[in-house]
Amino acid sequence: MSTSTIPRLSLDPNRSMLPSSPRSSPRRHRRAKDSSSRHPLANDTMDVFQDSEAAQEPDDGEWGIVDRMRLWRHDALMQHLYETAAFWGDKILSWTNDPNDAFWLAQTYFMTHQYSRAERLLTRPFPVKTPSPQSAPVNGFDQSMTSSSTIGDFSLDVKGKGKEMTVQHEPTSRLPMGPAGLIKLPKALQESVSRLVDMSVACRYLAAQCQVRQGNWLDALEILGEANPFRHSGRSGASVPNVDGGIKVEASMCHLRGILMLKLNRGDQAKLCFMEALTLDVKCYDAFNQLISGEMMTPDEEWEFVQGLAYREQTTEDADFIQLMYTSRLRKYRHAEEHALTRQRLVEDFNLPDNPDVLYSFADALFTQLRWADCFVITSRILDLVAFHDATMPLHVACMYHLSHLHSKLFVLAHELVDREPENPISWYAVGVYYLSSNKWSQARQYFSKTSLMDPRFGPAWIAFAHTFAMEGEHDHAVTAYSTCARMFVGSHLPLLFVGMEQIVLSNHPLADEALNAANAACDTDPSSDQRIGFHRAADLFQRSLHLAQVTQSSQKSWTTTYLNLGTCYRKLKNYELATINYKRVLEIEPQHPQGLGFLGMVYHHLEDIDQAIVKYHEALSVDPINGHLIELLNLALESNAACGSWKKVYPGGEEAFKGMMASLKVKFNARAGKPGEPRTGERSRSEDSMNVG
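All residue numbers refer to positions counted from 1 along the written sequence of the respective chain. The model is predicted, so local features are restricted to residues of pLDDT at least 70 and side-chain atom pairs to those at 80 or more, both for listing and for counting; the totals for chains, interfaces and linings are taken over all residues. Note: side-chain values were computed over all heavy atoms of the structure, leaving out hydrogens and water.

**Q** In this structure, what is going on with the nonpolar core? I would like to understand it.
**A** Side chains of a nonpolar character, in soluble globular proteins, are inclined to be buried together. Leu 121, Leu 122, Phe 274, Phe 305 and Tyr 311 are the most contacted members of the largest nonpolar core, which has 67 residues in total. We call two residues in contact whenever any of their non-hydrogen atoms come within 4.5 Å of each other. Those residues within four positions of Phe 305 in sequence are excluded, and the remaining contacts are Met 275, Leu 278, Thr 279, Leu 291 and Met 297. Among the buried residues, those of types Ala, Val, Leu, Ile, Met, Phe, Trp, Tyr and Cys that are joined through side-chain atoms within 4.5 Å form a nonpolar core. Type-normalised accessible area, obtained with a 1.4 Å probe on protein chains alone, sets the label of each residue: buried when under 20%, exposed when over 50%, and partly exposed for intermediate values.

**Q** What exactly am I supposed to notice about helix H17 (residues 372–385) here?
**A** Along an α-helix, residues three or four positions apart point the same way, because every turn accommodates 3.6 residues. The terminal C-alpha atoms of H17, which comprises 14 residues, lie 20 Å apart, in line with the 20 Å expected from a rise of 1.5 Å per residue. Packed against the buried residues of H17 are helix H16 (356–368) and helix H18 (392–402). The helix and strand labels rest on DSSP assignments: H or I over at least four residues marks a helix, E over at least two residues marks a strand, and numbering proceeds from the N terminus. The length a helix should cover is 1.5 Å for every residue beyond the first.

**Q** What's the story with helix H11 (residues 285–293) in this structure? I'm lost.
**A** For H11, the full list of buried residues reads Ala 287, Phe 288, Leu 291 and Ile 292. All buried residues of H11 lie within an arc of 125 degrees about the axis, which places them on one face of the element. On the buried face of H11, the contacting elements are helix H9 (249–263), helix H10 (267–280), helix H12 (299–307) and helix H14 (319–328). Phi for Glu 295, located one or two positions after H11, is positive at around 50 degrees. The directions from the helix axis to the C-beta atoms are what the arc is built from.

**Q** Just checking my understanding: could you explain the side chain of Asn 582 for this structure?
**A** One can find Asn 582 in helix H29 (residues 576–589). Two N or O atoms form a polar contact when they lie within 3.5 Å of each other; inside protein one atom must be a possible hydrogen donor and the other a possible acceptor, and for residues adjacent in sequence the pair counts only when both atoms belong to side chains. Of the polar contacts made by the side chain of Asn 582, one reaches the backbone oxygen of Leu 578; its length is 2.8 Å. In contact with Asn 582, other than residues within four places in its own chain, are Tyr 563, Leu 566, Gly 567 and Tyr 570.

**Q** Please clarify how the environment of Gly 89 should be interpreted in this entry.
**A** Positionally, Gly 89 belongs in helix H2 (residues 82–96). For Gly 89, a relative accessible area of 1% puts it in the buried group. Here the alpha-carbon distance between Gly 89 and Phe 103, two residues 14 residues apart in the chain, equals 10.0 Å. Once you skip the residues sitting within four places of it in the chain, Gly 89 turns out to touch Arg 73 and Leu 105.

**Q** What am I meant to see in the packing of helix H7 (residues 201–213) against H9 here?
**A** Between two packed helices, what matters for the description is the angle formed by their axes and the separation of those axes. Axis definition: a line fitted to C-alpha atoms, over the contacting stretch in the case of helices. Angles run 0 to 180 degrees between N-to-C directions. Look at H7 against H9: their axes get within 10 Å of each other, and the N-to-C directions meet at 20 degrees. It follows that H7 is roughly parallel to H9 by the angle criterion. In this structure, H7 meets H9 at a crossing whose hand is left-handed. Across the interface between the two elements, Val 201, Ala 202, Arg 204, Tyr 205, Ala 208, Gln 209 and Val 212 of H7 pack against Val 249, Ser 252, Met 253, Leu 256 and Leu 260 of H9. Its residues placed into classes, the contact of H7 with H9 shows nine nonpolar, two polar and one charged. Here the angle decides the label: under 35 degrees means roughly parallel, over 145 means roughly antiparallel, 65 to 115 means roughly perpendicular, and every other value means oblique. Two helices that cross are described as forming a left-handed crossing if the nearer one is turned anticlockwise from the farther one by less than a right angle, and a right-handed crossing if clockwise. In this classification, Asp, Glu, Lys and Arg are treated as charged, Ala, Val, Leu, Ile, Met, Phe, Trp, Tyr, Cys and Pro as nonpolar, and every other residue, Gly included, as polar.

**Q** Looking at this model, I keep getting lost on the confidence of the model for the protein. Mind explaining?
**A** Low pLDDT marks stretches whose predicted atomic positions should not be read closely. For every residue, the predictor reports its confidence as pLDDT, a number between 0 and 100. The share of residues in the protein with pLDDT of 70 or more is 70%, and the mean pLDDT across the chain is 78. For the stretch residues 21–46, pLDDT sits under 50, and the model shows 90 contacts to residues farther than four places along the chain or on other chains. Of the regions scoring below 50 in pLDDT, residues 530–536 engages in 33 contacts with residues more than four places distant in sequence or in other chains.

**Q** In this structure, what is going on with the pattern of salt bridges? I would like to understand it.
**A** When their charged atoms lie close together, side chains carrying opposite charge are able to pair. Should a side-chain nitrogen of Lys or Arg be within 4 Å of a carboxyl oxygen of Asp or Glu, the pair is scored as a salt bridge. Counted by the stated rule, this structure contains 20 salt bridges. Linking Arg 445 and Glu 472 is a salt bridge whose minimum nitrogen-to-oxygen distance equals 3.0 Å. In this pair, Arg 445 sits in helix H21 (residues 441–454) while Glu 472 sits in helix H22 (residues 459–472), placing the two residues 27 residues apart along the sequence. The buried category is assigned to Arg 445, whose relative accessible area is 15%. In this structure, Glu 619 and Lys 616 form a salt bridge, with 3.6 Å as the shortest nitrogen-oxygen distance. Residue Glu 619 and its partner Lys 616 are both found in helix H31 (residues 610–623); the two are separated by three residues, about one turn of the helix. You can call Lys 616 buried: its relative accessible area is 15%. Several salt bridges converge on common partners, so that one network encompasses Arg 70, Arg 73 and Asp 101.

**Q** Quick question: what am I supposed to make of the packing of aromatic side chains here?
**A** How two aromatic rings sit relative to each other is given by the distance of their centres and the angle of their planes. Any Phe, Tyr or Trp ring, taking Trp's six-membered ring, that has another such ring centre within 6.5 Å forms a pair; planes under 30 degrees apart are called stacked, those over 60 apart edge-to-face, and the others tilted. Tallied over the full model, the rule gives 18 aromatic pairs. Relative to Phe 288, the ring of Tyr 285 lies with its centre 5.9 Å away and its plane at 40 degrees, an arrangement referred to as tilted. In this pair, Tyr 285 and Phe 288 are both assigned in helix H11, three residues apart and thus about one turn of the helix distant. Aromatic side chains Trp 428 and Tyr 447 sit 6.0 Å apart centroid to centroid with 0 degrees between the ring planes, which places their arrangement in the stacked category.

Here you go:
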């Protein structure tokens, strides 16, 4: 068959890298029929540039030195002997000048972090049509070898003994080229050569990966393109099947383009790139993980997008399983029944009761319900199964923070993580959470900052970093940090919720109302969202949040603020009886709560129980001695007590005793009036008036 009728698979964006082979030989030699000694790595006979399967080739043929060295190269890769693979791969390329061998050598360089060397190899010119056969020793003899790739000019007569026949084919198609063009060559040679990145989608993708690893974001984006170049080509889309059952390279390129958009702070474009990658191939989990873990969409958007993917069009047999696995990773604020059914099917229908990702779904649901103890049991089980699970570890650490009796274990865990995984940002995040639990704000902030520098897309570190300012009383800095987090994680309602809380503290009520409304619109099933926005609405929203909190396993201390706000709401409604009940509930949970003591004193002050108000103000100031508001309230109560209080408080014995005391003073004064030196009548009158304070 003429190769002109064979599609250019190397340029097909719907192809994966599965056909890559350790044994793509420039010439396929006959070997003995007994293949029992054949290495399993040599079973596949496809390569990244080959246009048709070699299954039509008979199995009899003799291995040459190039075949054997390709086997060594691939076996060395499998055994992580990268220097060995690079050493033999370089010799193979010198003999064959074959683009497929160049691709595998570039892969080897990439694995050894020699990114510039790999990128140079992928962008150097290779002949579009293989030149005259080169001689290379085979089994100790010089034999002519030709390329089995369709890039070459020769095809083997499989029935003969190495006989070659010339075939005609069309010039090689090329991918869109950047403004840099080819490496400088004479014009006469430029038509007969091409770069690997222009001959193969896989090579272009690898070259972009090399630029990413070197930090050259713009150069990598130039290789990939600002947008998907295959989008309107007629051979791209969710309904176009993958030709070999693997993952489309086009989807991988869209995912990498999204990573670059994040590096360039183009969050909206990154979101679209990840969505396009997952739409093109539902098997591209990296794109899914970026969307979900990066909280780029709201819970409703996540659900709608994931449920609408073309699972059956792309993977008919595995559609249900992939959809269930993705659904289990979505946030659990909504669709509780659907999530429960998803977990049940994964356990019963697919027999995954002890799979870490399935168990994580159970833990995430419990964490959403604030059932810290139950969540901790499951996360502990996951970490017993696997040493480290990226999705589970933040939940595990958070549960240990909320359960105060586990703080000592959190200290031990943080040290173990730093010893075992010093390059993982979650390890330093655990250290920061421990310091946060110990009320050491500056130390905690230091480690949260380090975590965010190691992984700028790690949301919990940003939230915790802002928490340190809020807990330290630096509310302006906290608002700035929360706002930054809200810009980075547009699908999360938590940063907006915390911004609203800080604006309340700063008495910026219009801004607080705006932020809290936005948080409630994004997620109206979070009890903490209800309680904050209820401060400006009515007491029934606080009651609702407390009702939702009945199923949580958090300590009562976590809800003192809710009772405090509910009491404040009743106080503003002048329902002092209910306000007193809620403030006393706060003090039952935390007897030394300064706001609870102060607000209860205000209620007593409103009820004109000045003595009790003064007592509560003094108790509040013993906890928070520099609170200016409490000092002012105490002074006001003391002045009110002196000026408007009862006579018993002003003078021992009350009003009658005071009047008797004044009468006796007048008698004594009048008795002295007749003695020598007594004052004149006018002066005596003024003195009597000055003493008459009754």
